[in-house]
Amino acid sequence: MSATTAPDQPLTRRRARALHAARHALRVPPVPRDFRSDIEGMRAIAVLGVMLWHAGVPLLPGGFVGVDVFFVVSGFLMTSLLLEEGRSRGRIDLGRFYARRARRLLPAALTALAGTTLLTALFLPRGRWAEVGGDLLASATYVVNWRMAWRSVDYLDVERAPSPLQHYWSLSVEEQFYVLWPLILLLILVYAAGRARVFGVLTWAVTLAMFAGSLVLSWRWSLEEPAAYFVTPTRVHELMLGAVVALGARAWPRLPRWAAALLGWVGVAMVVVSLFRITSETVFPGLWALLPTTGVALVLVAGPAAGALGPVVVLRQGILQWVGRLSYSLYLWHWPFVAVAAELAGVGRGGPDTLPVVWGLLAVALSVLPAWLSFVLVEDPVRRHGRVLAAQFSPGIVVRRTLRLGLNCTLAGAALGLVLMLAAPPSETEQTARWRTPEVVEQLRSPVGADTLAVGVEDPAPQTTSPDPSDPVEAATAGSGASDALGEPPPVVRIPAEVGELAVPLEQVPDDTPVLEPEDCFVGLSGTRVRICEAGDPEGAITVALVGDSHAGMWMTALDAIGRDRGWRVLAMTKSSCPPARGLVVERSGQAGDYRQCTTWQENLDGTLVEESPDVVLLSSASYGTTGDEQVAAGLGERIDWLTEEGMQAALIRDVPRAPFDVPACLIEHEDDVPRCAFDRQDGLAASGTGHELLAQERPDLPVLDLTEAVCPGRTCSPIVGQVVVWRDSNHLSATYVRSLRDLVEEQVAPVVLADQLGETVRTGVEVGAGR
């Protein structure tokens, strides 16, 4: 009898485990370990779709669904590996599984984080370093998707300056799945105790339950919450769809070849159609996510049986295989370059509404080189080194070393975020700033901001010398003869030579936003249900409503104080980038299709206004260049007619001048040269309040509140008035400056309220466009 079969052979720990696995191995489908070129090809399609969409290519409005393709593929591969381990070893080694994931993902991710840190330091303004540093920290620890959701970031909004780490949200979802799903399968495996039938039934039941529950959540939350795009519960069903394909792996190879080929081609067609049919205005993920995810699931099902008749004949082409191999690195590296391009182009900061396609394509092209270098120098060598270690050391040693590598990568990425946050200009947290600044006028010093215009106090900050006729900024500012909102000649407002001491620290100004209660009452881009923000006197007998987009909501700070003093109940019904027009279809630049969420919100607004029945409705909105003055004015006019029919007094708040750049960012870059951040008032008015001037001309009896002279009292707009930064970005007034406008706002809105009570007609404010 040989030594290997001797009955007295010593029972080592390894032999005991082998015998245990042999007795309790589960009869789950074996996982084919052969390379699948169809999966690599689908990865290529997915990453190309994402990259071209981020570049702004209009032909692929649904390119972002490439992320959903990745989710299904990841769910399939991870579940297959876990089932194979359960089948062959009778157990799931969590340490081994997490070590393999760490080696595959974390070194390449850390390399991209380091590159993003460098790009941030070189190209992004210092005022954004703290925000990006926080995103770095969250990305390194794979919770950035929840950070994006908490900050109400809208991934589909291409008109805002994006975070260079925003794309890490999908990696966070996958990592959270990698932690959760193996634990669930391990618990099922332990409970089954080697009973293959029990394991199979429970695994199918749990998988289908998670799929269905997540799909329902995704459908319901996507209708109302922009955060639904990021959070893990709304994405689990996509990963679970991949798990369903893995669980049925025993059946798929038995499909007739023609049937498998048909399924595969239908699946590819579904993915391709989703790239063209789904747009940024589609409720997503929701039920629409089933189009690309079911498509890629069909491709996975068809692969083993379809053979050369299936889509693999196209997906195995060399260029797709090369892109597929680099897909992870390409995904990591392309977005930071796009974000930097958006910053340099001034997107969201007074520049173009969206990133020009040429800029986007150039950014994506430049990212290919670092992505390729990351693959050949980091991602692939680290993966191959894992096989070398496995041949030299025991599995336990390899697992420990790999887990240590993953921990070091996580700590190093977190350290990069902390370093960037520490290098940023000092600032209070956003939440502290939001709740502090509305009362800063009383707390710190008075008068400040617009109060200095009323009392003629000179700005104590260092001033420029006497006006120089050769300096267009000084000459235009000092020579202004325009009238202020009270009909008096405005004081000479000199532009400070340097920033000096401010009522609100400069780095805190972007967070100097109005306090809206409840906190989620402002409706984002994806929402359609009207929500009400409440301020003023909750028991007031008179109700004043602010209706419109964020340019209407920014006046809440002044109206809140007025309402508390006068006993008015103040409400705000506002939605991002949506004018309070009626029957208006809004187009948003850089996006395919209409902004249908705005149209639905406008329709829902009717019922809410009838229910609340405010006495006075103040309408305001921003610039909508792609829609046009005539269309917006007509829609606002229809809203005014409807309000009149319902017995409500309507008035228009004229939009304020819009800066051609982000004002706080400009001041941070030019603290010693403030005049460089001034701009022409006529140009600012021309870029603001689409349709407002036309509406006022067509309706001379419409009450118009015009604060232009108090915001920009001269032919040149100063970024700082009375120690307060006037704009918190390129187009919104800072909450502190609005608070300083309290008395001027009251003098214009009070006659409208009084006239409504007396049943009279009133005309307030200066003639719209007088500043032009």
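Note that the structure is a prediction, hence the values are computed from the model and not measured.

About the thresholds
- Residues numbered from 1 in each chain as written.
- Predicted model: local features only at pLDDT ≥ 70, side-chain atom pairs only at ≥ 80, totals over all residues.
- Heavy atoms only, no water.
- Helix = DSSP H or I, 4+ residues; strand = E, 2+ residues; numbered from the N terminus.
- Contact = heavy atoms within 4.5 Å.
- Areas by Shrake-Rupley, 256 points an atom, 1.4 Å probe, with all protein chains shown as cover.
- Core = buried A, V, L, I, M, F, W, Y, C linked by side-chain atoms within 4.5 Å.
- Buried < 20%, exposed > 50% of the residue type's maximum accessible area, 1.4 Å probe, protein only.
- Patch = residues over 30% accessible without salt bridge, like charges linked within 9 Å, V, L, I, M, F, W, Y side chains within 5 Å.
- Salt bridge = Lys/Arg side-chain N within 4 Å of Asp/Glu carboxyl O.
- Lys, Arg positive; Asp, Glu negative; His and termini not counted.
- Charge placed at Lys NZ, Arg CZ, Asp CG, Glu CD.
- Pairing = 2+ DSSP bridges.
- Axes fitted to C-alpha atoms, helices over the stretch in contact; angles between N-to-C directions.
- Disulfide = S-S within 2.5 Å.
- Polar contact = N/O pair within 3.5 Å; in protein donor to acceptor, adjacent residues only side chain to side chain.
- Parallel < 35°, antiparallel > 145°, perpendicular 65-115°, else oblique.
- Left-handed = near helix turned anticlockwise from the far one by under 90°.
- Nonpolar A, V, L, I, M, F, W, Y, C, P; charged D, E, K, R; others polar.
- Phe/Tyr/Trp six-rings, centres within 6.5 Å; stacked < 30°, edge-to-face > 60°.
- Expected span 1.5 Å × (residues − 1).

Draft legend 1. Looking closely at the overall build of the chain. Across its full length, the chain carries 30 helices and ten strands. Excluding contacts between residues fewer than 6 apart, the proportion of contacts in the chain whose partners are at least 24 apart in sequence is 81%. Counting only carbon and sulfur atoms, one obtains 59% of the accessible surface of the chain, whose full area is about 31100 Å².

Draft legend 2. Just the nonpolar core, in detail. In this structure, M42, Y168, W169, W181, M240 and L332 are the most contacted members of the largest nonpolar core, which totals 112 residues. Excluding anything up to four places from it in sequence, L332 contacts A108, A109, A112, H167, Y168 and L171. In this structure, V509, A552, V725 and V752 belong to the second largest nonpolar core, which totals 61 residues.

Draft legend 3. Here's a closer look at unusual backbone geometry. Geometrically, the link from F284 to P285 is a cis peptide bond, its omega value of 10° lying close to zero. Examined against the element boundaries, P285 turns out to sit in the loop between α10 (257-277) and α11 (290-306). The step from E517 to P518 runs through a cis peptide bond, and the omega angle for that step is -5°. Note that P518 resides in the loop between α20 (472-478) and β1 (533-536). One non-glycine residue with positive phi stands out, namely Y142, at about 60°. In the Ramachandran plot, Q723 falls in the positive-phi region, its phi being about 70° despite a non-glycine side chain. Locating Q723 in the fold gives a position in the loop between β9 (720-721) and β10 (724-725).

Draft legend 4. A negative patch on the surface, seen in detail. Negative charge collects at one region of the surface, where E498, E669, E671, D672 and D673 lie side by side. Relative to the helices and strands, E498 is located in the loop between α20 and β1.

Draft legend 5. Up close: the sheet that holds strand β2 (residues 542-548). With respect to topology, six strands assemble into an open sheet ordered β1-β3-β2-β4-β5-β7, the strand pairing being mixed. The strands lining the two open edges of the sheet, one partner per strand, are β1 and β7 (704-705). Judged from the four bridges that link them, β1 and strand β3 (residues 568-574) form a sheet pairing that is antiparallel. What sits directly across from A535, in β3, is V570. Contacting β1, β2, β3 and β4 (616-620), helix α22 (residues 556-566) crosses the sheet at an angle of about 155° to β3. Those strands touched by helix α24 (residues 629-645) are β4 and β5 (649-653), and its axis lies near 175° from that of β4.

Draft legend 6. Representation of the environment of G583 within the structure. By secondary structure assignment, the location of G583 is in the loop between β3 and α23 (596-612). With a relative accessible area of 68%, G583 lands in the exposed category. The spacing of G583 and Q631 is 48 residues in sequence and 9.8 Å in space, taken between C-alpha atoms.

Draft legend 7. Representation of the state of the cysteines. Applying the stated rule across the entire model yields four disulfides. Disulfide pairing is shown between C712 and C717; the S-S distance is 2.0 Å. Judged by the sign of its S-S torsion, about -100°, the cystine formed by C712 and C717 is left-handed. Classification of C712 as buried rests on a relative accessible area of 0%. Using a relative accessible area of 0% as the deciding quantity, one classes C717 as buried. Numbered by position along the chain, the disulfide-linked cysteines of the chain connect as 1-2, 3-4, 5-6, 7-8.

Draft legend 8. Just the pattern of salt bridges, in detail. Going through the model one piece at a time under the given rule, you end up with 23 salt bridges. We note a salt bridge from E85 to R96, for which the minimum N-O separation is 3.8 Å. With E85 in helix α3 (residues 66-89) and R96 in helix α4 (residues 94-123), the pair connects residues that are eleven residues apart, well separated along the chain. Using a relative accessible area of 31% as the deciding quantity, one classes R96 as partly exposed.

Draft legend 9. Quick look at the side chain of R235. As for its position among the elements, R235 is in the loop between α8 (196-222) and α9 (236-247). A distance of 3.2 Å separates a polar atom in the side chain of R235 from the backbone oxygen of Y229. Once residues lying within four places of it in the same chain are set aside, the contact partners of R235 are D68, F71, W169, V173, S214, Y229, F284 and P285.

Draft legend 10. Up close: the packing of helix α7 (residues 168-192) against α8. Across the interface, α7 lies against α8 with an axial gap of 9 Å and an inter-helix angle of 150°. Judged on the interaxial angle alone, α8 and α7 are roughly antiparallel. In this structure, α7 crosses over α8, and the sense of that crossing is right-handed. Touching L180, W181, I184, L185, I188, L189, Y191 and A192 of α7 are V198, F199, L202, T203, V206, T207 and M210, all from α8. Taken together, the residues that form the contact of α7 with α8 break down as 13 nonpolar, two polar and no charged.

Draft legend 11. Just the packing of aromatic side chains, in detail. Scanning the entire structure with this criterion turns up 15 aromatic pairs. Judged by centre distance (5.7 Å) and plane angle (75°), the rings of Y229 and F230 are edge-to-face. Residue Y229 shares its accessibility class with F230, and that shared class is buried. With a centroid separation of 6.4 Å and an interplanar angle of 40°, the aromatic rings of Y229 and F284 are classed as tilted. Note that Y229 is positioned in the loop between α8 and α9 and F284 in the loop between α10 and α11, a separation of 55 residues in sequence. Each member of the pair, Y229 as well as F284, is classed as buried.

Draft legend 12. Representation of α8. End to end, α8 covers 38 Å across 27 residues, agreeing with the expected 39 Å (1.5 Å per residue, within 8%). A196, F199, T203, T207, M210, F211, S214, L215, S218 and S222 are the residues of α8 that are buried.

Draft legend 13. How the structure looks around helix α14 (residues 327-345). For α14, with 19 residues, the first-to-last C-alpha span of 27 Å sits near the 27 Å given by 1.5 Å per residue. Most of α14 sits out of view: 18 of its 19 residues are buried. G346 sits one or two positions beyond α14 and adopts a positive phi of about 85°.

Draft legend 14. Quick peek at a nonpolar patch on the surface. There is a patch of nonpolar side chains on the surface, built from I319, W322, L369, W372, L373, V376 and L377 and spanning about 660 Å² of accessible area. Those elements giving two or more residues to the nonpolar patch turn out to be α13 (318-325) and α15 (357-392). Top element by residues in the nonpolar patch is α15. It accounts for five residues. In this structure, W322 sits in helix α13.

Draft legend 15. Up close: the environment of S577. Note on placement: S577 falls in the loop between β3 and α23. Exposure remark for S577: the relative accessible area of 13% places this residue in the buried category. Along the backbone, S577 and S550 are 27 residues apart, and their C-alpha atoms lie at a distance of 7.1 Å.

Draft legend 16. Representation of the environment of P233 in the model. With respect to the secondary-structure elements, P233 resides in the loop between α8 and α9. The exposure class assigned to P233 is partly exposed, which follows from its relative accessible area of 27%. Residues P233 and S214 lie 19 residues apart in sequence; the distance between their C-alpha atoms is 5.6 Å. In this view, P233 contacts W146, S214, L217 and W221; residues no more than four positions away in its chain are not counted.

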